[in-house]
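Coordinate analysis (summary)
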Amino acid sequence: MKNLVTQTSSKRSGIKWPLLCGFVALALAGAMRADVVLESADGAVRLENGHLLIEHGGTTVAAVKSIEFDFKAPLSLEVASHAANHAVLHAVYPAIAKWRDAEGNLPVDIEVDAVAGGFRFHASPEWAVDVTVRLQDMDDHFFGVLEHLYPDNLRSPDLRGATVDVEALGEDAEYDENYASVWSAFYMTTRGYASFFDTFARGRYALGVNGETKLYHRTGKLDWYVFFGRDGDEILSQYYKVIGAPKAPPLWAMGPIGWRDENKNAAELVDDIRHMTDMHIPFTAWWVDRPYSNGTNDWSKMDFSARFADPKKWIGQIDRDYDMKFMTWIGPMTFGDPDFPGLLPGDRGYLDLSDPAAVHEFERRLDLQYAAGVRGHKMDRAEEYLPEMAPWKDGTGPNESRNKYLFLYAKVTSEILTRAWGDDHCNFPRGAIHRTQPY
């Protein structure tokens, strides 16, 4: 306890004394007992009176009040074993946490691993369906979790005091318009650490609310990372070691990319580019928005309609005469056209991107575009009207489907483009989620 008081009362910690009064009272009563769970070059995890203290640079940066399954805190928590880079915490949960058919208390081993730049906590009790991590409020300020460009265009707001959903909801579900939005189970804090919950399950984060921070996900699997760093760049470098490095687009995709919301035909599209060039407004790429295809809603066949006939010729002209690469709008739905294998049920005709038959047909149709010179895509509609209760080929359930669909859409599209063009392509989505960065 002496060590805790020394660390947390320092100017570096920034912790207010009232937050520690409970710890201090227990220490004076002789009730405090400290156990080292795991130590590494980056920090330490300690168990004190049922609380997990996460340290970096000799300072407590986070205090975990409890790790709960099915909204129940453990009855007991102790260090079962620890080695150089791995430890096991033995927790016992009340039988009521299982909700039904419970006999006796429920033991759970929570594993703690030292990873690059931090620690990973993971457990997967077969009976659990919800997981919550409760942290003591330490006057943190939180940045991350979501990026909504509408209505306030706050690209990285301070979320202290906010409750936010980690769930991809777009279009009419939020704003009555299709603005770009990003969601993530990742945030950084002003205390020098970052949190990442590695799951696609829907979640809700209460950040610095009523004296605590609560991270909740609708899954029984705990897979929680804490990363440290001197600055945001260092923290992100550790995060990317887990999810993969962000995709590096080619140089042509780094310049201005233009489009018209709706082109009447290919001649008008090429004329738009000519006008921009005549006015000395530089572009490095151009893309065509829907409608430009045959089929339902001028898209489901995913080809070029008669109004955009002979695409190889006019796309070649754009490349040759204006030194621009050409891209197209795509969507992971057929707008109700049933002539497609592996569709999810529902009137929108969403592709089951976990079904190899659907992915194969998606690639087969898009290959016709690549043969004409298309180098990439604006990816739309993934978070719009997805039938989240529909069964997937791979068994993904409704608690993960909405978030996971954004990931699969990015992954499938990037892999299809890579097979066609190697690294010389670009794709960008309207909606994104963590783990899409490499794609």
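Please refer to the structure placed before this passage.
Residues numbered from 1 in each chain as written. Predicted model: local features only at pLDDT ≥ 70, side-chain atom pairs only at ≥ 80, totals over all residues. Heavy atoms only, no water.

1. What to know about the overall build of the protein
Short version of the rule: Under the scheme used here, helices are H or I runs from DSSP no shorter than 4 residues and strands are E runs no shorter than 2 residues, and both carry numbers assigned from the N terminus. Whether a residue is buried, partly exposed or exposed follows from its accessible area with a 1.4 Å probe, protein chains only, as a fraction of its type maximum: under 20%, in between, or over 50%, in that order. By definition in these notes, contact holds between two residues if any of their heavy atoms fall within 4.5 Å.
In terms of helices and strands, the protein carries 7 helices and 22 strands. Taking all 439 residues of the protein together, the buried fraction comes to 50%. Within the protein, contacts between residues at least 6 apart in sequence are counted, and of these 66% link residues at least 24 apart.

2. A short note on empty space enclosed by the protein
So the rule is basically this: Both cavities and pockets are sets of points on a 1 Å grid over the protein atoms alone; in a cavity a 1.4 Å probe fits but cannot get out, in a pocket the set is open with protein on both sides within 12 Å along at least five of seven lines, and lining residues sit with an atom within 4 Å of a point. Grid points are joined across faces, edges and corners, and a volume is the space filled by probe spheres set on the points. Residues are grouped as follows: Ala, Val, Leu, Ile, Met, Phe, Trp, Tyr, Cys and Pro are nonpolar; Asp, Glu, Lys and Arg are charged; every other residue, Gly included, is polar.
Enumeration according to the criterion identifies 3 cavities of 30 Å³ or more in this entry. In this model, the second largest cavity occupies a volume close to 50 Å³. Looking at the lining of the second largest cavity, the element that brings in the most residues is strand E4 (residues 59–69), giving 4 residues. Looking at the lining of the second largest cavity, its residues break down into 7 nonpolar, 2 polar and 1 charged.

3. Overview of the layout of surface pockets
If you add up the space inside the largest pocket, you get close to 700 Å³. Surrounding the largest pocket, 32 residues form its lining, Val 182, Ala 432, Ile 433, Thr 436 and Gln 437 being those nearest its centre. Counting residues per element, the ones that place at least two in the lining of the largest pocket are strand E10 (142–148), strand E12 (181–189), helix H3 (232–243), strand E21 (426–429) and strand E22 (431–433). The element best represented in the lining of the largest pocket is E10, accounting for 5 residues. A per-class count over the lining of the largest pocket returns 21 nonpolar, 8 polar and 3 charged. Counted as a void, the second largest pocket has a volume near 510 Å³. In the lining of the second largest pocket, the residues fall into 8 nonpolar, 1 polar and 8 charged.

4. Focus: helix H6 (residues 356–371)
Because the α-helix completes a turn every 3.6 residues, residues three or four places apart line up on one side. Rule in force here: To estimate the expected span of a helix, subtract one from its residue number and multiply by 1.5 Å.
Given a rise of 1.5 Å per residue, 16 residues ought to cover 22 Å, and the 22 Å separating the end C-alpha atoms of H6 matches this to within 8%. For H6, the full list of buried residues reads Ala 358, Val 359, Glu 361, Phe 362, Glu 363, Arg 365, Leu 366, Gln 369 and Tyr 370. In this fold, the buried residues of H6 make contact with strand E19 (325–330), strand E20 (374–379) and helix H7 (398–421). Positive phi appears at Gly 373, one or two residues downstream of H6, with a value of about 110 degrees.

5. Points about the packing of H6 against H7
The condition that has to hold: Working convention: axes come from line fits to C-alpha atoms, limited for helices to the stretch in contact. Angles between N-to-C directions cover 0 to 180 degrees. Note on terminology: angles under 35 degrees are roughly parallel, angles over 145 are roughly antiparallel, angles of 65 to 115 are roughly perpendicular, and the others are oblique. The handedness criterion is simple: a crossing whose near helix is rotated anticlockwise from the far helix by less than a right angle is left-handed, and one whose near helix is rotated clockwise is right-handed.
Closest axis-to-axis distance for the H6/H7 pair is 10 Å, and the angle between their directions is 45 degrees. In terms of axis orientation, H6 runs oblique to H7. Of the two possible hands of crossing, H6 and H7 adopt the one that is right-handed. Across the interface between the two elements, Val 359, Phe 362, Glu 363 and Tyr 370 from H6 touch Val 412, Thr 413, Ile 416, Leu 417, Arg 419, Ala 420 and Trp 421 from H7.

6. Description of the side chain of Asp 289
What counts, and what does not: Counting rule for charge: Lys and Arg are taken as positive, Asp and Glu as negative, and neither His nor the chain ends is counted. The rule for a salt bridge is simple: a side-chain nitrogen of Lys or Arg has to be within 4 Å of a carboxyl oxygen of Asp or Glu.
Tracing the sequence through the fold places Asp 289 in the loop between strand E18 (285–288) and helix H5 (311–322). Lacking a salt bridge, the buried Asp 289 has Lys 378 as its closest oppositely charged neighbour, with an N-O distance of 5.6 Å. When near neighbours in sequence (up to four residues on either side) are disregarded, Asp 289 contacts Trp 259, Arg 260, Asp 261 and Trp 329.

7. Details of the pairing of strand E9 (residues 131–136)
Inclusion rule: Two strands make a pair as long as DSSP finds a minimum of two bridges between them.
Sheet analysis places E4 next to E9, joined by 5 bridges and oriented antiparallel. Residue Ser 66 lies in a different strand from E9, and its bridge partner there is Arg 134. As defined by bridge partners, E9 adjoins strand E15 (residues 212–217) across 6 bridges and the pair is classed as antiparallel. Across the sheet, residue Val 133 finds its bridge partner in E15, namely Leu 215.

8. Overview of the nonpolar core
We apply this condition: As used in this record, nonpolar core signifies buried Ala, Val, Leu, Ile, Met, Phe, Trp, Tyr and Cys residues forming a set joined through side-chain atoms within 4.5 Å.
Ranked by internal contacts, the top residues of the largest apolar core, which has 58 residues, are Leu 269, Trp 314, Phe 326 and Phe 362. Those elements that provide at least two residues to this core are helix H4 (266–278), E18, H5, E19, H6, E20 and H7. In this structure, Phe 326 is in contact with Leu 269, Trp 286, Trp 287, Val 288, Trp 314, Ile 315, Ile 318, Gly 373, Val 374, Arg 375 and Gly 376, ignoring residues within four places of it in sequence. In terms of nonpolar packing, the next biggest core, distinct from the first, is built from 44 residues, Val 61, Leu 89, Ala 91 and Ala 123 among them.

9. A short note on the packing of aromatic side chains
Basically, it comes down to this: Between rings of Phe, Tyr and Trp, where Trp is taken as its six-membered ring, a pair exists when centres lie within 6.5 Å; planes separated by under 30 degrees are stacked, by over 60 edge-to-face, and by other angles tilted. Only lysine NZ and arginine CZ atoms are considered, and such an atom sits over a ring when it is within 6 Å of the ring centre and within 35 degrees of the ring normal.
Inspection of every chain in the model, using the stated rule, returns 27 aromatic pairs. Their ring planes at 35 degrees and their centres at 5.6 Å tell us that Tyr 239 and Tyr 240 sit as a pair that is tilted. With centroids separated by 5.5 Å and ring planes inclined at 40 degrees, the aromatic side chains of Tyr 292 and Phe 304 adopt a geometry described as tilted. Of the two residues, Tyr 292 is situated in the loop between E18 and H5 and Phe 304 in the loop between E18 and H5; the sequence distance between them amounts to 12 residues. Accessibility classification places Tyr 292 together with Phe 304 in one group, the buried group. One aromatic cluster is present, formed by Tyr 292, Trp 299, Phe 304, Phe 308, Trp 314, Phe 326 and Trp 329 through successive ring pairs. Over the face of the ring belonging to Tyr 385 we find Arg 348, whose NZ or CZ atom lies 4.0 Å from the ring centre.

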